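One-letter residues, chain by chain:
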2 protein chains.
Amino acid sequence: MAKRVKARLVDVARDAGVSPATVSRAMAQPDLLTPDTLARVHDSARKLGYRPDGMARALASGRTMTIGAIVPTLDSTIFARVLQAMQSALAREGYQLLVASHEMNPAAETEAVRTLLTRGVDGLMLVGAERSQDTAMLLRTAGVPVVLSWVGTQDCAAVTVDNRLAGHLAARHLIGLGHRRIGMVVGHLPFNDRQQARLAGARQALHEAGLDLPGALVSEQGLTMAGGRAGCARLLELGEPPSAIIGGIDLFAIGCIQEAQSRGIAVPEALSVVGIDDIEMSAHITPALTTVMIPTARIGQLCAATLLAEIKGERRHEQTELPIELVVRQSTAAGRQVLPAKAASTASTARQAFP
Amino acid sequence: MAKRVKARLVDVARDAGVSPATVSRAMAQPDLLTPDTLARVHDSARKLGYRPDGMARALASGRTMTIGAIVPTLDSTIFARVLQAMQSALAREGYQLLVASHEMNPAAETEAVRTLLTRGVDGLMLVGAERSQDTAMLLRTAGVPVVLSWVGTQDCAAVTVDNRLAGHLAARHLIGLGHRRIGMVVGHLPFNDRQQARLAGARQALHEAGLDLPGALVSEQGLTMAGGRAGCARLLELGEPPSAIIGGIDLFAIGCIQEAQSRGIAVPEALSVVGIDDIEMSAHITPALTTVMIPTARIGQLCAATLLAEIKGERRHEQTELPIELVVRQSTAAGRQVLPAKAASTASTARQAFP
DNA sequence: ATCTTGAATGATAGCGCTTTCATCAAAACT
DNA sequence: AGTTTTGATGAAAGCGCTATCATTCAAGAT
């Protein structure tokens, strides 16, 4: 017998002696059926190895049970973490995560949005607020909820963090320790408003303290540890090197520490380093990294929740700003100008971080 | 006028004065049409803001242009890297990546496979060969190409790496340096055949050298840097601690180095550490990590290529084993038994790594 | 001039499911 | 008993597209 490979809903219906509609209901709203018919349908379904066809279902119902996420890159602890959190939260509600990355290329982002929208998603998560006109237009006519992360805009839902404040906190911490010449390693600024904001925040803090963050003390690097090392190297080789460096991401800061140490420059005694993110590793390196904690996983979780709520029509354009905070560990110490040789007294400063 | 929100194919057809079939062809096989009609269709499509409906297309054509990937966790450099590589390779061919993770839980993997299959994917990528009966059964009746990564089986395509050899290489390197008492920090073994194989390989190398890797010298930990530190701590606190430690993943090895250093134990002078993976960071820490290089990105790239080839019917059950190799850096040195105090002579050993 | 052939396009039957709307029996009211 | 209500099920119309087959018409072959 030339048996169909895959059992369809109608096959189950025929086998169970009911109409297709009943089988459909058995899957979606079981409580509408008599326990008896329900059982009969289930038996037939199991017997035939019936597996519903998601595409047919999506076409008929208009819901795909899929959320799209477009991140700058997957190859980053940060975004991996966020996606992991989103995925877990979504899976709990039966949703799937469709991911794409644009590698810091606005046109690639447009393309990704277009593809995901065409493919059919019930919601879309993007990173940052800066994007091309094309992408913005697509989003406006998308017809599905959108949530922005890290940096958002008022015209759609957002789960954000004050990146400017992050830079500000990092810089202020160093200023408070007496540092006057502070450098920063940041990611490439074009199409990365998170890094732009962090840099701006740091610069602002310095200005407020009557200091300056000249371009020469800022090094733009690719988002890797090697980038951190390279940036650090560049800053240290300046005629007048900084006494403290802010890493636009923790990975940079960790790279800075490595680079300094490999040059025989003690951290934090001769160079203070602060990061931003607080990735897992930061607490475990030596010296443990002082950094600004960004609740990455929470961002992912809330992006999922926000999207789901909007899909259900419960909320609209919900804005959430998550708190961040400075976590003082061992990579920062008083600047030389203030406490020329007293390394000991700085230890207590660092220890304040562990109440 | 109660205008439809979304333009459909028929709307374009009507506007362009052609049949739906022609519009469909204009999108899929443009060369079948007269340049004139093609242009007319494109104009109408643009004018109406037509965006094809992926679900309808999928239902009608049976192709979803989506590949599913199920990894143990997204929150890992390794898997993030692999997915990144897959995603890039797939995007180039117009495919999307649907990701799921199972957090080392076989039942969750089954569920993920079921959902992805139901959702509709044209191919599936999984990690490792060990899985529940249920999952295996689902896969067998999936009806779409499957590719396994890291560890595979003969009954479906696989892009693998010899994990046993990885452990073997790491151990042999240490044995060659004169170490007799070697410990290992591995990930939790249940449902992780990569770690199992790496441990087995290390153990085998030790046996071949007339040595032993007793359970007491093996510490199972969660796949984080904190896990590496904890494992290292456990091993170092043994009555007779090892003179060298193998990290089942680089993150463990890096954690071991940190833990040792924080206890004032010099690496590699007093403790040698080898990792497996060769993540970006490994080359940049101090001392740079000696490790077994696993071509992670290449695995992802090949998984994508293998799946695509199988979808096109070009190949079937293609097996690819990627070469791996020991990368000697600075974290390993001669064991105390052989060269009691000559740290200098070990430096040259390390430098061999950079030809 | 007639017949083939082939390229371009049209007509249309599904793809497998959801979802009104209709139906019908049984239960709950007058 | 007669009527309304309720709950469970069935009938069937799409969802928007692809793909098969049929049709048309002009160009080349006879």
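In case you missed it, the structure is sitting above this.
Residues numbered from 1 in each chain as written. Chains lettered and ligands numbered in written order. Predicted model: local features only at pLDDT ≥ 70, side-chain atom pairs only at ≥ 80, totals over all residues. Heavy atoms only, no water.

### Section: the sheet that holds strand 12 (residues 325-327) of chain A
All names here are of chain A. Reading across the sheet, the 6 strands line up as 7-6-8-9-10-12 and stay open at both edges, with mixed pairing between neighbours. The open sheet is flanked by strand 7 (218-221) and strand 12, the only strands paired with a single partner. Averaged over all pairs of adjacent strands, the angle between their axes in this sheet comes to 20°, without regard to strand direction. Sheet topology note: the strand 10 (residues 290-293)/strand 12 ladder contains 3 bridges and is antiparallel. Its bridge partner lying in strand 12, M293 is registered against E325. Across the face of the sheet, helix 11 (residues 250-262) comes into contact with strand 6 (182-187), strand 7, strand 8 (244-247), strand 9 (272-277) and strand 10 while running at roughly 160° to strand 9. (Pairing = 2+ DSSP bridges. Helix = DSSP H or I, 4+ residues; strand = E, 2+ residues; numbered from the N terminus. Axes fitted to C-alpha atoms, helices over the stretch in contact; angles between N-to-C directions. Contact = heavy atoms within 4.5 Å.)

### Considerations on the pairing of strand 4 (residues 146-150) of chain A
Residues and elements named next belong to chain A. Among the 5 residues that make up strand 4, 5 are buried, leaving the element largely enclosed by the rest of the structure. The sheet contact formed by strand 3 (residues 123-127) and strand 4 spans 4 bridges and is parallel. Bridge pairing in strand 4 links L124 to V146. For the crossover that starts at strand 3, traverses helix 7 (residues 133-140) and ends in the parallel strand 4, the hand is right-handed. As judged from the 4 bridges shared by strand 4 and strand 5 (residues 157-161), these two strands associate in the parallel manner. Its bridge partner being in strand 5, S149 is matched across the sheet by V159. (Buried < 20%, exposed > 50% of the residue type's maximum accessible area, 1.4 Å probe, protein only. Right-handed = clockwise from strand over helix to strand, strands pointing away.)

### Structural notes on the side chain of A:T332
Topologically, A:T332 is positioned in the loop between strand 12 and helix 13 (343-351). In contact with A:T332, not counting residues within four places along its chain, are A:H173, A:L174, A:L177, A:P268, A:S272, A:V273, A:V274 and A:T290.

### Here we look at the pattern of salt bridges
This structure, assessed with the given rule, holds 32 salt bridges over all chains. Linking A:E259 and A:R229 is a salt bridge whose minimum nitrogen-to-oxygen distance equals 2.8 Å. One end of the pair, A:E259, is in helix 11; the other, A:R229, is in helix 10 (residues 225-236), with 30 residues separating them in the sequence. Both residues of the pair, A:E259 and A:R229, count as buried. With a closest N to O distance of 3.3 Å, B:R198 and B:D277 form a salt bridge. Of the two residues, B:R198 sits in helix 9 (residues 193-208) while B:D277 sits in strand 9 (residues 272-277), which places them 79 residues apart along the sequence. Here B:D277 falls in the buried class, since its relative accessible area comes to 4%. By sharing partners, the salt bridges in this structure join A:R229, A:E237, A:E259 and A:R263 into a single network. (Salt bridge = Lys/Arg side-chain N within 4 Å of Asp/Glu carboxyl O.)

### Thoughts on the environment of A:A260
Residues and elements named next belong to chain A. Along the chain, the position of A260 falls in helix 11. Residue class for A260 comes out buried when judged on its relative accessible area of 0%. Sequence separation between A260 and R46 is 214 residues, and the spatial gap between their C-alpha atoms is 64 Å.

### Let's talk about the relation of the copies chain A and chain B
Of the transformation superimposing chain A on chain B, the axial component is 0.0 Å and the angular component is 180°, with the fit at an RMSD of 0.1 Å. On this basis, the relationship between the two copies can be described by a two-fold rotation axis. Scanning chain A for the C-alpha nearest the rotation axis identifies A:L98, at a separation of 2.2 Å. When the interface residues of chain A are mapped onto chain B, 100% of them again lie at the interface, so the same face is used by both copies. (Least-squares fit on C-alpha atoms with pLDDT ≥ 70 in both.)

### With respect to the packing of helix 1 (residues 9-16) of chain B against helix 3 (residues 35-48) of chain B
Residues and elements named next belong to chain B. Contact geometry for helix 1 and helix 3: axes closest at 9 Å, N-to-C directions at 125°. By the angle class used here, helix 1 and helix 3 are oblique. Remark: the crossing between helix 1 and helix 3 carries right-handed chirality. Where helix 1 abuts helix 3, its residues D11, V12, D15 and A16 lie against R40, V41, S44, A45, K47 and L48. For the contact of helix 1 with helix 3, the per-class residue count stands at 5 nonpolar, 1 polar and 4 charged. (Parallel < 35°, antiparallel > 145°, perpendicular 65-115°, else oblique. Left-handed = near helix turned anticlockwise from the far one by under 90°. Nonpolar A, V, L, I, M, F, W, Y, C, P; charged D, E, K, R; others polar.)

### What about the pairing of strand 5 (residues 157-161) of chain B?
Looking down a regular strand, the side chains alternate between one sheet face and the other. Residue and element names in this part refer to chain B. In terms of residue burial, strand 5 counts as a mostly covered element, since 5 of its 5 residues are buried. Neither face of strand 5 is open: one carries A157, V159 and V161, the other A158 and T160, and all of them are buried. Bridge count between strand 5 and strand 11 (residues 319-322): 4 bridges; the pairing is parallel. For V161, the partnering residue across the bridge sits in strand 11 and is L322.

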